[in-house]
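Take a look at the letters that make up each chain.
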Amino acid sequence: MNIAIAALGFGIVTAAILSLGAVGFTLQYGVTNVLNLAIAGVMSGAEYVSLEINRHGANIWLTIAVGAVFGAVASYALNRFIYMPFIRRGVRAFAMVIISLAVWTIIQYVVLAIVGPGYSSLRVPVTHTYSLGAIRITGTQISVVLIAIVALLALEATLRFTLFGKAIRATATNAPLARASGVNVGRVIDLTWLISGVFSGIAGVVIAITVSSFSYSTAGDFLVPLIAAAILGGVGRPLGAMVGALIVGVVSEVGAALTNPSYKNVIAFAMLGIVLVVRPSGLFPERVQRKDVVL
Amino acid sequence: MNVVIFYVTLILVYFAVDAMACAGLSLEFGVTGVVNFAYIVFQAAGAYTAAVLTLGPASPSGFQQYIGGAHWPFPLPLIAAAVVGALLSLVVAVLGVRRLRTDYLAIVLLVAALIATTVATNQDGLVGGAAGLALVPHPLVALFGNNAAGLSYNVFFAGFSLLLCALCFLIVHRVTDSPFGRRLRALRENEAAAMAQGFSPFRLQASVLMMGGAMAGLSGGVLVEYVTAWAPSGWLYPETFVLFTALIVGGLGNNWGALVGALVVPTGIGEGIQYLPHFGSPTFTVSVQWIVIGLLPLLFLWFRPQGLIPERHRRFAPAGEKKGRQLVQGWLRPRTSSTQIGELSTSKDARP
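Residues numbered from 1 in each chain as written. Chains lettered and ligands numbered in written order. Predicted model: local features only at pLDDT ≥ 70, side-chain atom pairs only at ≥ 80, totals over all residues. Heavy atoms only, no water.

Visitor: Can you break down the overall build of chain B residue by residue, with the values?
Guide: Along its length, chain B carries 13 helices and zero strands. Secondary structure elements in chain B, listed N-terminal to C-terminal, are α-α-α-α-α-α-α-α-α-α-α-α-α. Taken across its 352 residues, chain B has 54% of its residues classed as buried. Long-range contacts, defined here as pairs at least 24 residues apart, represent 74% of the contacts in chain B between residues at least 6 apart. (Helix = DSSP H or I, 4+ residues; strand = E, 2+ residues; numbered from the N terminus. Buried < 20%, exposed > 50% of the residue type's maximum accessible area, 1.4 Å probe, protein only. Contact = heavy atoms within 4.5 Å.)

Visitor: Break down the confidence of the model for chain A for me, with residues and values.
Guide: Overall, the prediction assigns chain A a mean pLDDT of 86, with 94% of residues at 70 or greater. A low-confidence stretch, residues 288–292 of chain A stays under pLDDT 50, and its non-local contacts, those more than four residues away or across chains, total 19 contacts. (pLDDT = per-residue confidence, 0-100.)

Visitor: Mind laying out the pairing of strand 1 (residues 129–132) of chain A, listing which residues take part and the relevant values?
Guide: Within a regular strand, the side chains alternate between the two sheet faces. All names here are of chain A. Where strand 1 meets strand 2 (residues 135–138), four bridges bridge the pair, whose relative direction is antiparallel. Bridged to Thr129 within strand 2 is Thr138. Between strand 1 and strand 2, which pair antiparallel one after the other, the connecting turn spans two residues, and Gly133 there sits at a positive phi close to 65°. (Pairing = 2+ DSSP bridges.)

Visitor: Quick rundown of the nonpolar core? Include the residues and the values.
Guide: With 200 residues, the main nonpolar core has Phe29, Phe37 and Leu332 of chain B as its most contacted residues. Every residue in contact with Phe37 of chain B, bar those within four places of it in the chain, is listed here: Val97, Ile98 and Leu101 of chain A together with Ala106, Leu109, Leu110, Ala113, Thr240 and Phe244 of chain B. (Core = buried A, V, L, I, M, F, W, Y, C linked by side-chain atoms within 4.5 Å.)

Visitor: Could you give me a rundown of unusual backbone geometry, with the residues and numbers involved?
Guide: Unlike most non-glycine residues, Asn33 of chain A shows phi in positive territory, near 65°. For Asn33 of chain A, the location among the structural elements is in the loop between helix 1 (2–32) and helix 2 (39–55). In this structure, Leu135 of chain B is a non-glycine residue whose phi angle is positive, near 60°. By secondary structure assignment, the location of Leu135 of chain B is in the loop between helix 5 (124–127) and helix 6 (151–176).

Visitor: Talk me through the packing of aromatic side chains; I want residue IDs and the actual numbers.
Guide: One pass over the full model with this rule turns up 18 aromatic pairs over all chains. Where Phe86 of chain A meets Trp302 of chain B, the ring centres are 5.3 Å apart and the plane angle is 85°; that geometry is what we call edge-to-face. Of this pair, Phe86 of chain A sits in helix 3 (residues 60–88) while Trp302 of chain B sits in helix 12 (residues 284–303), each in a different chain. For Phe86 of chain A, a relative accessible area of 5% puts it in the buried group. Exposure remark for Trp302 of chain B: the relative accessible area of 24% places this residue in the partly exposed category. With 5.3 Å between their ring centres and 80° between their planes, Phe144 of chain B and Tyr153 of chain B make a pair best called edge-to-face. Take Tyr153 of chain B: its relative accessible area is 0%, and that puts it in the buried class. (Phe/Tyr/Trp six-rings, centres within 6.5 Å; stacked < 30°, edge-to-face > 60°.)

Visitor: Any chance you could break down the packing of helix 2 (residues 39–55) of chain B against helix 3 (residues 75–97) of chain B for me, citing the residues and the numbers?
Guide: All names here are of chain B. One can describe the packing of helix 2 onto helix 3 by two numbers: an axis separation of 8 Å at closest approach and a directional angle of 140°. Crossing geometry of helix 2 relative to helix 3 is assigned as right-handed. Residues Phe42, Ala45, Gly46, Thr49, Ala50, Leu53 and Thr54 of helix 2 form the contact with helix 3, whose own contacting residues are Pro77, Ala80, Ala81, Val84, Gly85, Leu88, Ser89 and Val92. A class-by-class count of the residues in the contact of helix 2 with helix 3 yields 10 nonpolar, five polar and no charged. (Axes fitted to C-alpha atoms, helices over the stretch in contact; angles between N-to-C directions. Left-handed = near helix turned anticlockwise from the far one by under 90°. Nonpolar A, V, L, I, M, F, W, Y, C, P; charged D, E, K, R; others polar.)

Visitor: Could you give me a rundown of the interface of chain A and chain B, with the residues and numbers involved?
Guide: Listed as interface residues are 44 residues of chain A and, on the opposing side, 52 residues of chain B. Together chain A and chain B conceal approximately 4600 Å² of surface at their shared face, both sides included; 74% is due to carbon and sulfur atoms. The tally of links from chain A across to chain B stands at zero salt bridges. Along the contact surface separating chain A from chain B lie two residue pairs in polar contact (both at pLDDT 80 or more). Of all the secondary structure elements, the ones that give two or more residues to the side of chain A that touches chain B are helix 3, helix 4 (95–115), helix 9 (218–232) and helix 11 (264–278) of chain A. Of the residues forming the side of chain A that touches chain B, the biggest block, 14 residues, is contributed by helix 4 of chain A. (Buried area = accessible area lost by both parts, 1.4 Å probe. Salt bridge = Lys/Arg side-chain N within 4 Å of Asp/Glu carboxyl O. Polar contact = N/O pair within 3.5 Å; in protein donor to acceptor, adjacent residues only side chain to side chain.)

Visitor: Can you break down the packing of helix 5 (residues 139–161) of chain A against helix 10 (residues 238–258) of chain A residue by residue, with the values?
Guide: Residues and elements named next belong to chain A. Following both chains from N to C, one finds helix 5 and helix 10 inclined at 155°, their axes separated by 10 Å at the closest point. Considered as vectors, helix 5 and helix 10 are oriented roughly antiparallel to each other. Side by side, helix 5 and helix 10 meet where Leu152, Leu155, Glu156, Leu159 and Arg160 of the first sit next to Pro238, Leu239 and Met242 of the second. (Parallel < 35°, antiparallel > 145°, perpendicular 65-115°, else oblique.)

Visitor: Residue-level account of the environment of Thr138 of chain A, with values.
Guide: All names here are of chain A. Considering the arrangement of structural elements, one finds Thr138 in strand 2. Using a relative accessible area of 24% as the deciding quantity, one classes Thr138 as partly exposed. Note: C-alpha distance between Thr138 and Leu226 (88 residues apart in sequence) is 23 Å.

Visitor: So what's going on with helix 11 of chain A? Residues and values would help.
Guide: Its 15 residues place the ends of helix 11 of chain A 21 Å apart at the C-alpha level, agreeing with the 21 Å of an ideal helix rising 1.5 Å per residue. Taken as a whole, helix 11 of chain A has its buried residues at Val266, Ala268, Phe269, Met271, Leu272, Gly273, Val275, Leu276 and Val277 of chain A. Buried-residue contacts for helix 11 of chain A involve helix 9 and helix 10 of chain A together with helix 3 and helix 4 (102–122) of chain B. (Expected span 1.5 Å × (residues − 1).)

Okay, here's the thing in structure tokens:
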């Protein structure tokens with residue numbers, strides 16, 4: 001039982017990482033309807049950019065900021081130079097899955113070709129370990145959780161209380177209607193990719209901080225749990241993705257602790273499979289019908 | 001000289017296996033439009049079935065542990081491999097295809113492939129764990145004086161696998177040329193219209209998945225009987241992506257395209273990459289291989305969506321007029337208005 005409680009701590013940290021990625025994924029998927037598997041590529045890129053920055057002596061906060069900027073630029077470029085041209089050429093919506101899988105494959109192996117198969121790790125200052133019953137959590141892990149919470153609250157506030165947030169929600173709900181009402185849908189989509197990129201960039205750096213060492217394929221290991229979290233919470237709903245991430249993170253860590261550690265991913269995968277088959281619209285379904293790829 | 005013939009037979013067997021797999025996937029994806037991202041799992045299931053049914057029961061003290069071992073005579077393990085592939089596809093069809101939208105189905109199948117690999121790797125007693133199965137006896141080797149390494153046996157095996165490959169293509173050809181094949185294409189082009197004609201998308205998709213799954217299983221069985229070993233590292237999910245690339249390169253929805261795709265992508269690039277000069281890190285060559293395989297679908301969808309060999313438009317000309325020779329522009333990237341794309345991406349939602 002102690003193991004399960006100890007795993008709860010890991011689960012919350014995993015959930016924090018997943019929620020950052022899942023929120024970026026779900027926001028962008030909800031607005032543009034492009035299933036972007038290459039988000040793992042953006043995360044992977046952010047990991048190695050942060051590694052390079054970290055080597056030159058930048059502190060953790062600067063590293064995260066640079067990772068976020070890198071993610072935003074990469075994600076915007078991905079849409080502007082690859083996805084958007086294909087959508088304009090009339091590629092069928094689900095064929096975008098193949099395109100994003102191709103892009104992810106390319107990024108993953110370009111990274112492998114550059115950095116090689118080895119593992120690297122960030123130099124993170126050693127922090128105090130706090131104990132709460134059987135749960136042990138380091139100062140770094142606590143800051144990761146705090147970063148996730150602050151970032152998500154900031155996004156939620158933006159979506160809820162600003163005019164721009166309103167425009168994003170309007171586009172996600174009904175793009176043609178939003179356009180007809182004077183929303184600049186093209187700009188909303190660009191900004192959505194930027195925001196999604198900021199979140200995936202932060203997620204990448206946070207992965208690099210949290211895991212003891214990472215390789216070219218580490219970000220890919222987070223992809224399926226991340227999508228599971230996003231779909232569990234209902235596509236296009238950042239708060240839902242947060243809850244989804246909490247469920248996926250905690251259940252997979254605790255489940256793995258109780259059964260077999262190598263089944264951590266299987267539990268996350270199985271949850272995604274079951275959710276998709278039993279309740280395809282997620283725990284908190286969208287109020288609107290699915291729509292077309294948004295141009 | 002013998003070495004050359006040996007190498008040629010090896011490549012022919014690999015090509016036959018890839019082509020069989022491409023034939024099945026072409027039926028599922030190229031003709032019907034089902035995005036089966038777990039296709040390689042059916043090949044793996046066929047391979048494990050054939051291996052286990054040839055190896056005989058696992059001895060408790062043996063170095064490999066698996067379930068369901070038996071000593072079945074030659075053609076039975078291969079037939080069983082095809083049957084297992086088909087039955088597994090039926091399960092996928094019932095659980096997934098019936099309920100899910102295309103992009104969600106793609107994710108679920110991708111996830112299923114990941115689960116299958118993880119379970120096969122970590123359950124030691126199931127199919128040999130991470131090390132997999134080895135020392136699978138060659139079929140019919142007794143006819144060649146037990147000399148499986150001999151040239152004549154390899155020539156025989158290459159011929160045998162090419163024969164099976166031809167059989168698969170014959171079946172696919174008969175299917176796609178029949179009224180049934182027309183229904184499949186109708187389903188691919190416009191599901192709602194096909195339903196309005198009274199066809200059940202589920203039935204069509206399920207039967208196509210079973211045929212494709214059987215071919216995948218058979219290809220796995222043939223491969224494992226030739227290479228005599230099979231392990232989870234041989235069927236990671238990107239291998240399915242290789243086959244999708246093959247179809248997009250060769251040309252979707254036509255059988256010659258699938259054949260050419262199998263020749264160019266898995267066989268051509270897989271073998272050709274070994275002739276690249278080695279430099280940089282030890283993983284450089286494999287990186288280049290995957291980057292090329294990732295770039296090909298992008299380049300083809302952009303510059304030549306119809307693939308190397310375009311699908312022919314089937315047209316029923318009125319009497320006296322010449323029969324249609326029009327070529328389809330590649331259905332994955334049709335020049336349609338966005339509303340039609342929207343219909344396609346949301347058609348599953350329209351169902352009650």
